[in-house]
Amino acid sequence: MENPPLITNDAIVFGLLMLSLGFVFYTESRKTGFWPVFYKYIPGLLMCYLIPAIFNSIGLISDDASQTYFVASRYLLPASLVLLTISIDLKAIFNLGWKALVMFFTGTAGIIIGGPLAILLISTFSPETVGGIGFDAVWRGLATLAGSWIGGGANQAAMLEIYEYNQELYGGMVLVDIVVANIWMAILLLGIGKSKRIDTWLKADNSAIDDLKHKVQAFTDKVTRNPSLTDYMMILMFAFVAVGISHFGADKISVYLTENFEAVSNTKSAFSSFGSSFFWLISIATLIGILLSFTKAKNYEGAGASKIGSVFIYILVATIGMKMDIGKIFENPGLIMIGLVWMAIHATLLIIVAKLIKAPYFFLAVGSQANVGGAASAPVVAAAFHPSLATVGALLAVFGYVVGTYGAIICAELMKIASGG
């Protein structure tokens, strides 16, 4: 690490993150003065994300020197998925209909065509930015971005292996991935505060989403009680036993598939993402939550199961914010520009299709984030609309892992053609 942060002790880092969350929630609860005006324009969730980003940018803390994101994504995220899914109405989820899938695949298509179009646009005034020969060719590096932005980390690693990009230059691509994906997530979170106005402009039909929210709210109201210590212990028992089972299952399945199927063990294979333990971790946790929703465990929603799940989600948001270094935006302007143009094409296609099929902003935001952000952030964006919707984000993100490498290979071949490779 070139410049270690001022604070490297994770206990202090976690304390700062909780201070940030506490500050945002306290100020957002104020009914008079400056804060109601401020939060009218800037969503609280975005502030939970930006304050740790500022701490990281000024060198106070750093994701590179901290395990907080790893803990939040591997332990608190699966726990939150269980607690946010425990009271779900699966039929109502399916009633959300085809528009959710259309927007997800539109997001995928936006990434696939966005890469080559970005190369063509940038090459008109800065051909050296998209050049390079052999294993240094920029399109090979951008292929890893396509893997990350359609699926996730496993797909990104697969693309690095498939196209054999120079690993000494790979850090620059990781930087573009982090900077551009985080800027886009911030824009999506900003839009959540204006979702009603956006939906009016899109002429969107929100009836299925509202129906799901109302069903969950009605069930919550019916079973709400003053929670006891036993209730909290039971809620945490369901959450973290499920996390334990998910980790156990994920480790066993990923090792079994990797050892017994060459298509999974070969990092150049389109099936290599099935060897990712994180893929199975999220899949199993979501499945356990769905199974619990058919049992009496769902009554613990009345004692605050989804609220505890939301606490875990917000901690995850703060640790994701730590990944954003605002100063890095200006470090490699050429590559960052390719990423921004690419993401703009992805966003434009999503807006056009949402307008055509009158899809709600919820489907646009979650469909995009299930591609670009993957399983760690799609449930965050979905839960920002309503805790009961986190499952939709998780299911679509898992879908992204499955199609990620295929889509990225198509994108990479198109970028190769666009760059004259």
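Summary of the structure given here. Sequence positions are assigned chain by chain, starting from 1 and proceeding in written order. Residues qualify for local features only when their pLDDT is at least 70, as the model is predicted, and side-chain atom pairs are given and counted only at 80 or more; totals for whole chains, interfaces and linings, by contrast, use all residues. Neither water nor hydrogens contribute to the side-chain values; these are computed over all heavy atoms in the structure.

**Some remarks on the overall build of the chain**
What counts is decided by this rule: Under the DSSP-based scheme used, a helix requires at least four consecutive residues in state H or I and a strand at least two consecutive residues in state E, with every element numbered from the N terminus. Accessible areas in this description were obtained via Shrake-Rupley with a 1.4 Å probe; residue shielding takes into account the shown protein chains only. When charges are counted, neither His nor the chain ends are considered; positive counts come from Lys and Arg and negative counts from Asp and Glu. A charged residue contributes its charge at one atom only: NZ of Lys, CZ of Arg, CG of Asp or CD of Glu.
Along its length, the chain carries 19 helices and 0 strands. Expressed as lengths along the three principal axes of its C-alpha atoms, the size of the chain is roughly 65 × 60 × 50 Å. If you sum the accessible surface of the chain, you get close to 18300 Å²; carbon and sulfur atoms cover 66% of it. Positive and negative side-chain charges of the chain, numbering 25 and 25 respectively, have mean locations separated by a distance of 14 Å.

**Considerations on the nonpolar core**
We apply this condition: We define the nonpolar core as a collection of buried residues of types Ala, Val, Leu, Ile, Met, Phe, Trp, Tyr and Cys that are connected through side-chain atoms lying within 4.5 Å of one another. Residue exposure (1.4 Å probe, protein chains only): buried if accessible area is under 20% of the type maximum, exposed if over 50%, otherwise partly exposed. By definition, residues are in contact when any of their heavy atoms lie within 4.5 Å.
Ranked by internal contacts, the top residues of the largest apolar core, which has 142 residues, are Ile 61, Leu 142, Trp 149, Trp 342 and Phe 362. The greatest single-element share of this core, amounting to 13 residues, is contributed by helix H9 (residues 170-192). In this view, Phe 362 contacts Ile 209, Ala 382, Phe 385, Leu 389 and Val 392; residues no more than four positions away in its chain are not counted.

**Things to note about the side chain of Ser 310**
Turning to its location among the elements, Ser 310 is positioned in helix H15 (residues 305-321). What makes Ser 310 buried here is its relative accessible area of 17%. Contact partners of Ser 310, with chain neighbours within four places excluded, come to Leu 84 and Pro 387.

**Observations concerning a nonpolar patch on the surface**
The test is simple: Within this analysis, patches are made of residues with over 30% relative accessible area and no salt bridge. Like charges are joined at 9 Å or less; nonpolar side chains (Val, Leu, Ile, Met, Phe, Trp, Tyr) at 5 Å or less. One speaks of a salt bridge when a side-chain nitrogen belonging to Lys or Arg is within 4 Å of a carboxyl oxygen belonging to Asp or Glu.
A cluster of nonpolar side chains, Phe 70, Val 71, Tyr 75, Leu 236 and Phe 240, forms an exposed patch at the surface whose accessible area comes to about 400 Å². Per-element accounting of the nonpolar patch gives the leading share, 3 residues, to helix H4 (residues 68-85). Inspection of the secondary structure puts Tyr 75 in helix H4. On the basis of relative accessibility, which here comes to 36%, the residue Tyr 75 falls in the partly exposed class.

**With respect to the pattern of salt bridges**
Counted under the stated rule, the structure contains 2 salt bridges. For Lys 323, the salt bridge goes to Asp 63, with nearest N and O atoms at 3.4 Å. Residue Lys 323 is located in the loop between H15 and helix H16 (333-357), and its partner Asp 63 is located in the loop between helix H3 (44-57) and H4; the two are separated by 260 residues in the primary sequence. The salt bridge partner of Arg 225 is Asp 231, with a shortest N-O separation of 3.0 Å.

**Details of helix H18 (residues 378-385)**
Counting buried residues along H18, 7 of its 8 residues qualify, which places the element largely inside the surrounding structure. The set of residues buried in H18 consists of Ala 378, Pro 379, Val 380, Val 381, Ala 382, Ala 383 and Phe 385.

**What about the side chain of Ser 195?**
Looking at where Ser 195 falls in the secondary structure, it is placed in helix H10 (residues 195-202). Other than its neighbours up to four places away in sequence, Ser 195 contacts Tyr 361 and Phe 385.

**Looking at the packing of H3 against H15**
Going by this rule: Axis angles are defined between N-to-C directions and span 0 to 180 degrees, where every axis is a line fitted to C-alpha atoms and, for a helix, only to the segment in contact. Any angle from 65 to 115 degrees is called roughly perpendicular, while one under 35 is roughly parallel, one over 145 is roughly antiparallel, and all others are oblique. Each crossing gets its handedness from the near helix: less than a right angle anticlockwise from the far helix is left-handed, clockwise is right-handed. Charged residues are taken to be Asp, Glu, Lys and Arg, nonpolar residues to be Ala, Val, Leu, Ile, Met, Phe, Trp, Tyr, Cys and Pro, and polar residues to be all remaining types, Gly included.
Interaxial distance between H3 and H15 falls to 7 Å at its minimum, and their mutual angle equals 40°. Relative to H15, the element H3 is oriented oblique. With respect to the hand of their crossing, H3 and H15 are arranged in right-handed fashion. Residues Leu 45, Cys 48, Tyr 49, Pro 52 and Ala 53 of H3 form the contact with H15, whose own contacting residues are Tyr 314, Val 317, Ala 318, Ile 320 and Gly 321. For the contact of H3 with H15, the residue count by class is 9 nonpolar, 1 polar and no charged.

**So, the packing of aromatic side chains**
Heads up, the rule is: Classification of ring pairs rests on two measures: the distance between centres of Phe, Tyr or Trp rings, Trp counted by its six-membered ring, which must be within 6.5 Å, and the angle between planes, read as stacked under 30 degrees, edge-to-face over 60 and tilted in between. For a ring to carry a charge above it, either NZ of a lysine or CZ of an arginine must fall within 6 Å of the ring centroid while also lying within 35 degrees of the normal to the ring plane.
Taken as a whole, this structure holds 19 aromatic pairs when the rule is applied. Between Phe 104 and Phe 105, the ring centres sit 5.2 Å apart and the planes meet at 75°, which makes this aromatic pair edge-to-face. Take Phe 105: its relative accessible area is 38%, and that puts it in the partly exposed class. Ring-pair connections join several aromatic residues into one group, and the members of that group are Phe 23, Phe 34, Trp 35, Phe 38 and Tyr 39. Geometry around Tyr 69 places Lys 323 over its ring, the cationic atom sitting 4.1 Å from the centre. In this arrangement the basic side chain of Lys 355 is found over the ring face of Trp 201, its NZ or CZ atom lying 4.4 Å from the centre.

**Some words on unusual backbone geometry**
Its identity is not glycine, yet Lys 203 carries a phi of approximately 55°, on the positive side. Look at Lys 358: it is not a glycine, yet its phi comes out positive at around 55°. Locating Lys 358 in the fold gives a position in the loop between H16 and helix H17 (361-372). For Lys 358, a relative accessible area of 41% gives the class partly exposed.

**What to know about helix H7 (residues 138-150)**
For an α-helix the count is 3.6 residues per turn, leaving residues at separations of three or four pointing the same way. Applicable threshold: Multiplying 1.5 Å by the residue count of a helix minus one yields the expected span of that helix.
Over its 13 residues, H7 runs 19 Å from end to end, which matches the ideal 18 Å to within 8%, given 1.5 Å per residue. Counted residue by residue, H7 has 13 buried out of 13 residues, so it is predominantly covered.

**Focus on the environment of Ile 209**
Inspection of the secondary structure puts Ile 209 in helix H11 (residues 207-223). Not counting chain neighbours up to four residues away, the residues in contact with Ile 209 comprise Leu 96, Pro 360, Phe 362, Phe 363 and Leu 389.

**Details of the packing of helix H6 (residues 99-123) against H17**
Running from amino to carboxyl end, H6 crosses H17 at an angle of 50°, the nearest separation of the two axes being 8 Å. Between H6 and H17, the angle falls in the class oblique. In terms of crossing hand, the pair formed by H6 and H17 is right-handed. Judged by residue contacts, Lys 99, Ala 100, Met 103, Phe 104, Gly 107, Thr 108 and Ile 111 of H6 engage Phe 363, Leu 364, Gly 367, Ala 370, Asn 371 and Val 372 from H17. Each residue belonging to the contact of H6 with H17 can be placed in one class, and the counts come to 8 nonpolar, 4 polar and 1 charged.

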